[in-house]
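Letter by letter, the chains look like this.
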Amino acid sequence: MAARKIIIDTDPGQDDAVAILLALASPEDVDVLGITAVAGNVPLDLTAKNARIVCELAGKPDVPVFAGCDRPLRRDLVTAEHVHGKTGLDGPDLPDPTMPLQVQHAVDFIIDTLRNHDAGTVTLCPLGPLTNIATVFQKAPDVVDRVQEIVLMGGAYFEVGNITPAAEFNIYVDPEAADIVFKSGAPIVVMPLDVTHKALVTKTRNDAFRALGTGAGTAVAEMTDFFERFDKEKYGSAGAPLHDPCVTAYLIRPDLFSGRHINVEIETTSELTMGMTVADWWGVTDRPANALFIGDLDADGFFDLLTQRLARL
Ligand code: BDR
Ligand code: CA
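First, a word on what this report is: a plain description of the structure on this page. Because the structure is predicted, anything quoted here is derived from the model rather than measured.

**A look at the overall build of the protein**
Alright, step 1. In terms of regular secondary structure, the protein is built from twelve helices and twelve strands.
Alright, step 2. Taking 20 Å as the expected radius of gyration for a compact globule of 313 residues, we find that the protein reaches 18 Å, a close match to that expectation.
Alright, step 3. By principal-axis analysis of the C-alpha atoms, the protein measures approximately 50 × 45 × 40 Å.
Alright, step 4. When each of the 313 residues of the protein is scored for burial, the buried share is 60%.
Alright, step 5. If you take every contact in the protein between residues at least 6 apart in sequence, the share linking residues at least 24 apart comes to 82%.
Alright, step 6. As presented, the protein carries roughly 12000 Å² of accessible surface, and 51% of it is formed by carbon and sulfur atoms.
Alright, step 7. The average position of the 25 basic charges and that of the 45 acidic charges among the side chains of the protein differ by 1 Å.

Shown next as structure tokens:
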């Protein structure tokens, strides 16, 4: 089967970085047409820089990287340096990128790419707040029907919130954008905290990254060393959850994941539960399904895949 054409929309972020590395290491499965940066974990200038650092770490400086929206549609930006550090990629000591940032705005790149490819052949992979994607749909409603699928990391149901008691970070940062995307009618696959909190980098798994003895393997081990302190303290978990790599792993090995086709709505009015993904997991409403909401994964299969693919870089 031909490699699936994707655009990765991202706010790196250590886990975003691992998601990008997995995609770039898997050209037989995914063809990365471009990487679009959005403000999220850290401000846009840093996410656009970090995306290029990661491409160079992968030895793929020719992947075009675009900067997109620098703030949510209607709110002030909330960032997550408390998780990802000041740079967003704290942990390894990586060189500043030498590859250029593209001149075109990320939103226009996504619109042009969807229009220039056959309808139903380009998949969007958002790993951060949904501001760029919602802006695309607002600016060019004709492209919604051209999207093959949106496979995104965001939200939670059983795990509820990580940035507030009710909301997951990516959705909380720009709930209005998330609402536009979930109501768009495009086919959506969601990787919520319910599954990503099962993709934990235990010491054994991190040792396997380090044992690769490559630049990418060492950097991933050092990123997760840094990133894990937050979740270990907060949840008492065994290591860092690799949220965003669930998206790119799903594109390569969907059989590792399971979930339900359900209705998911975004809370945009209540201050208390702002950004909550109200997921009808139990089918208690007659609201139509608009997403495949993933709940479980084969964690060992996921880490085997990731380690094997990282070994190629
Ligand atoms: C999500 O928020 C960010 O901090 C991570 O990169 C991930 O995309 C997890 O809630
Ligand atoms: Ca992210």
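**Here we look at the sheet that holds strand β3 (residues 65-67)**
Alright, step 1. The sheet built from eight strands is open, its strands ordered β3-β2-β1-β4-β5-β6-β12-β9 with mixed pairing. The sheet is open, and its two edges are formed by β3 and β9 (257-262), each paired on a single side. Pairwise comparison of adjacent strand axes, ignoring direction, gives a mean angle of 25° for this sheet.
Alright, step 2. Here seven bridges tie strand β1 (residues 4-10) to strand β2 (residues 30-37), and the two strands are oriented parallel to one another. Bridge pairing in β2 places isoleucine 8 opposite isoleucine 35.
Alright, step 3. Strand contacts of helix α2 (residues 44-57): β1, β2 and β3, with the helix running at about 175° to β3, the strand carrying the most contacts.
Alright, step 4. Strand contacts of helix α4 (residues 106-116): β1, β2, β3, β4 (122-126) and β5 (147-153), with the helix running at about 150° to β2, the strand carrying the most contacts.

Reading the values: the criteria
- Numbering of residues starts from 1 in every chain and runs along the sequence as written.
- Each chain gets a letter, beginning with A, and each ligand a number, beginning with 1, in the order they are written.
- Whole-chain, interface and lining totals are the exception, using all residues; otherwise, since this is a predicted model, local features are given only for residues with pLDDT of at least 70 and side-chain atom pairs are given and counted only at 80 or more.
- To get the side-chain values, take all heavy atoms of the structure and skip hydrogens and water.
- Going along the chain from the N terminus, every DSSP run of H or I of four or more residues is numbered as a helix, and every run of E of two or more is numbered as a strand.
- Each radius of gyration is computed over the set of C-alpha atoms, and the globule rule expresses the reference value as 2.2 Å times the number of residues to the power 0.38.
- Between buried and exposed lies partly exposed: a residue is buried under 20% and exposed over 50% of the maximum accessible area for its type, with that area taken using a 1.4 Å probe on protein chains only.
- In this description, contact between two residues means that some pair of their heavy atoms is separated by no more than 4.5 Å.
- Accessibility throughout is a Shrake-Rupley quantity obtained with a 1.4 Å probe, and a residue counts as covered only by protein chains that appear here.
- In this tally Asp and Glu are treated as negative and Lys and Arg as positive; neither His nor the chain ends contributes.
- Charged groups are reduced to one reference atom each: NZ for lysine, CZ for arginine, CG for aspartic acid, CD for glutamic acid.
- In this description, strands pair whenever DSSP reports at least two bridges between them.
- Each axis is a line fitted through C-alpha atoms, and for a helix only the stretch in contact is used; angles between axes span 0 to 180 degrees, taken between their N-to-C directions.

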